[in-house]
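# Commentary on secondary and tertiary structure
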Amino acid sequence: MLPQQCLLCAAPAVSQPLCADCYARLPWLTTARCPQCALPTHDGRVCGACLAHQPRFDGVSAAFAYAWPLAPLIHHYKYAGNLALAWLLAHALAAQVNGAVDLIIPMPLAPQRLRSRGFNQALEIARVVSRLTAIPLAATACRRVRDSTPQALLPWNERAKNIRGAFVCDADLRGMRVAVIDDVMTTGATLNEIARNLRKAGAVEIQGWMVARTLPR
Ligand SMILES: [Zn+2]
Ligand SMILES: [Zn+2]
């Protein structure tokens, strides 16, 4: 076995892509937060935004804030295809979720992006979370049927419109509690849109299991 180097500080990292110190110093989301969308709230109650516009999903769990140095690590995972990072991120996520769902569904990637990237970053994380939690994975329950402008390139207020109609969920999910896994949740527009389709397919509860949550500045 070759000794590995920590991706962040180059110290020896025996079995992980990060050394223990860098792993501990990741921006873990530990504060009280809205149970519905995972934004920090001072008392852990539902936030004003969720009260004003009820999301179509029932709750969100997130392991990290999408902040340094997690953001460049996720970027590295997605664009360099470092699957050791999928393992690390999935372990962190699995430790955060309550597991009371029947099915795990990875956020589908737009077909064009899947072709250019070669893998779906959410699916690779979902595979590991499924193994760790023993919850079945439904890798093809939902499909992304339309390429749209990447959400990251749009202002927040245009994202809901951009993602509308992007998914088809044609599995029979009647009575199912499902968790949708993705790497980063920003406005929740994508999760909200897939939740609309999951509801139509019969799902009775929809959780978002997100590796990282973008926090307001
Ligand atoms: Zn390190
Ligand atoms: Zn909220």
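Preceding block: the structure.
Report on the accompanying structure. (Residues numbered from 1 in each chain as written. Chains lettered and ligands numbered in written order. Predicted model: local features only at pLDDT ≥ 70, side-chain atom pairs only at ≥ 80, totals over all residues. Heavy atoms only, no water.)

## Considering the coordination of the zinc ion (ligand 2)
For the zinc ion (ligand 2), the full set of protein donor atoms is C34 (SG), C37 (SG), C47 (SG) and C50 (SG), at a range of 2.3 Å. Viewed at the metal, the four donor atoms of the zinc ion (ligand 2) are separated by angles of 104 to 116°, and the geometry they form is tetrahedral. In terms of primary sequence, the donors binding the zinc ion (ligand 2) are separated according to C-x2-C-x9-C-x2-C. One end of the pair, C37, is in the loop between α1 (20-24) and α2 (48-52); the other, C47, is in the loop between α1 and α2, and ten residues separate them in sequence. (Donors = N, O, S within 2.8 Å, 3.2 Å for Na, K, Ca; no water. Tetrahedral: all angles 85-135°; square planar, octahedral: opposite > 155°, others 65-115°. Helix = DSSP H or I, 4+ residues; strand = E, 2+ residues; numbered from the N terminus.)

## So, the pattern of salt bridges
Oppositely charged side chains can pair when the atoms bearing their charge come close. Under the definition given, this model contains nine salt bridges. Here R174 ties to D172 by a salt bridge, and the two come within 2.6 Å at their closest N and O atoms. Looking at R174, the relative accessible area reads 65%, which means it is exposed. Relative accessible area serves as the criterion here: at 49%, D172 is assigned to the partly exposed category. Here R196 makes a salt bridge to E193, at a shortest N to O gap of 2.8 Å. Here E193 and R196 lie together in helix α8 (residues 189-200), a separation of three residues that amounts to about one turn. Of the two residues, R196 and E193, neither departs from the other in class, the shared state being buried. (Salt bridge = Lys/Arg side-chain N within 4 Å of Asp/Glu carboxyl O. Buried < 20%, exposed > 50% of the residue type's maximum accessible area, 1.4 Å probe, protein only.)

## A look at the sheet that holds strand β2 (residues 103-106)
Across the sheet, which stays open at both edges, the four strands sit in the order β1-β6-β5-β2 with parallel pairing between neighbours. Sheet topology places β1 (59-65) and β2 at the edges, where each strand pairs with a single neighbour. The mean angle between the axes of side-by-side strands here comes to 20°, regardless of whether they run parallel or antiparallel. Here six bridges tie β1 to strand β6 (residues 205-213), and the two strands are oriented parallel to one another. Counterpart to S61 in the pairing with β6 is W209. Sitting on the sheet, helix α4 (residues 83-94) touches β1, β5 (177-185) and β6, and the angle it makes with β1 is about 130°. Contacts from α8 reach β1, β2, β5 and β6 within the one sheet, and its direction differs from that of β6 by about 155°. (Pairing = 2+ DSSP bridges. Axes fitted to C-alpha atoms, helices over the stretch in contact; angles between N-to-C directions. Contact = heavy atoms within 4.5 Å.)

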